[in-house]
Amino acid sequence: IGFSPDGRTLYVAAGTAMLAAYDRQAGAKLWQYSLPPSHNIPIQVLAHPDGRRLIVLMKDDVERDSEYGSIGILELTESGSPKGIQRAFVSGHPMNMALSPDGQTLLVVQRDLQTKRDALVWIDLSTGSVTAQLPLPDYTAVGTIGIAISPEGRNAYVARQTLRTILGIPFF
C-alpha cells in the first residue's frame with residue numbers, strides 16, 4: 001500500500017497480478033491495472049514524489065516463495081491512470097524497497113541467489129543503474145523484513161526478521 005504525494009490516492013499492490021488506485025476520501029476505486037502476463041505479482045508499491053510514476057516490487061510466485069522478482073516502473077497519465085509498465089534493474093530477489101525523499105534513489109534489499117545473503121542496493125532512478133551495493137551482516141536464515149529512509153534522507157534503516165537487529169546505514 002502506498003499514497004500519492006498529495007495523500008488523496010491510495011495505491012494497492014494486490015496478491016494477484018493487479019494494481020489498483022482508490023480515492024481516499026470517497027473510498028471509490030479510481031482504476032485497476034492488470035500486469036502483463038510476462039510480469040510478476042506485485043507485493044509492494046511506492047508513489048514517486050513527482051506523482052507521475054509508481055515503483056512496484058514484484059515477485060514471480062508468492063505461493064512458492066520464489067527467489068526471483070523484479071522492480072517495475074508504472075507510468076501514470078496526467079489524469080493519474082496507468083499507461084504502461086517497464087521492468088527494471090535488480091538481479092536476484094528484491095525483498096523490500098524504499099524511495100529517497102527527493103525521488104532520485106531507490107534502495108532495495110535483495111537476496112543474492114548464490115550466497116543467500118541480503119544486500120542493500122542503491123539504484124539511480126534517472127538512469128536505472130546500480131550506484132552502490134552493501135552486503136548486510138549474515139544472521140543465518142534471518143532475512144530482512146523492512147527498510148526505511150529517514151525523512152531528511154541521511155540514513156537508511158533496515159530491520160531483520162527477529163526484530164532484534166535494526167541497522168542504521170548512512171545514506172550516500
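Note that the coordinates shown come from a computational prediction; the quantities given were computed from them, not determined experimentally.

### Examining the nonpolar core
Grouped together as the largest cluster of nonpolar side chains are 15 residues, with contacts concentrated most on Tyr11, Leu19, Trp31, Tyr33, Leu54 and Leu74. By residue number, the principal contributor to this core is strand 6 (residues 53–59), which donates three residues. Beyond its immediate stretch of four places on either side in the chain, Tyr11 contacts Ile1, Gly2, Phe3, Ser4, Ala20, Ala21, Trp31, Val45, Ala47, Leu54 and Leu76. Leu46, Ile71, Val108 and Val121 belong to the second-largest nonpolar core, a separate cluster that totals 12 residues.

### Points about the environment of Ser79
Along the chain, Ser79 turns up in the loop between strand 7 (69–76) and strand 8 (82–88). Its relative accessible area of 67% is what places Ser79 among the exposed residues. Linking Ser79 and Arg52, residues 27 residues apart in sequence, is a C-alpha distance of 9.5 Å. Of note is the side chain of Ser79, whose polar atom sits 3.0 Å from the side chain of Thr77. Engagement of the side chain of Ser79 in a polar contact is seen with the side chain of Ser81, the distance being 3.5 Å.

### Digging into the environment of Pro49
In this structure, Pro49 sits in the loop between strand 5 (41–47) and strand 6. Residues Pro49 and Phe3, spaced 46 residues apart in sequence, show a C-alpha to C-alpha distance of 10.0 Å. Not counting the four nearest positions on each side in its chain, Pro49 is found in contact with Pro5, Leu99, Pro101, Asp102 and Gly103.

### Observations concerning the sheet that holds strand 12 (residues 129–135)
One open sheet accounts for four strands, arranged 9-10-11-12; its pairing is antiparallel. Where the open sheet ends on each side, the last strands, each with one partner, are strand 9 (93–99) and strand 12. Each adjacent strand pair in this sheet contributes to an overall mean axis angle of 25°, direction not counted. One ladder, built from seven bridges, connects strand 10 (residues 105–111) with strand 11 (residues 118–124); its direction is antiparallel.

### Topic: the confidence of the model for the protein chain
Across the protein chain, pLDDT averages 79, with 77% of residues at or above 70. Element-level mean pLDDT values for the protein chain span from 58 in strand 15 (residues 166–170) up to 91 in strand 2 (residues 9–13).

Thresholds, definitions, all that
Residues numbered from 1 in each chain as written. Predicted model: local features only at pLDDT ≥ 70, side-chain atom pairs only at ≥ 80, totals over all residues. Heavy atoms only, no water. Core = buried A, V, L, I, M, F, W, Y, C linked by side-chain atoms within 4.5 Å. Buried < 20%, exposed > 50% of the residue type's maximum accessible area, 1.4 Å probe, protein only. Helix = DSSP H or I, 4+ residues; strand = E, 2+ residues; numbered from the N terminus. Contact = heavy atoms within 4.5 Å. Polar contact = N/O pair within 3.5 Å; in protein donor to acceptor, adjacent residues only side chain to side chain. Pairing = 2+ DSSP bridges. Axes fitted to C-alpha atoms, helices over the stretch in contact; angles between N-to-C directions. pLDDT = per-residue confidence, 0-100.

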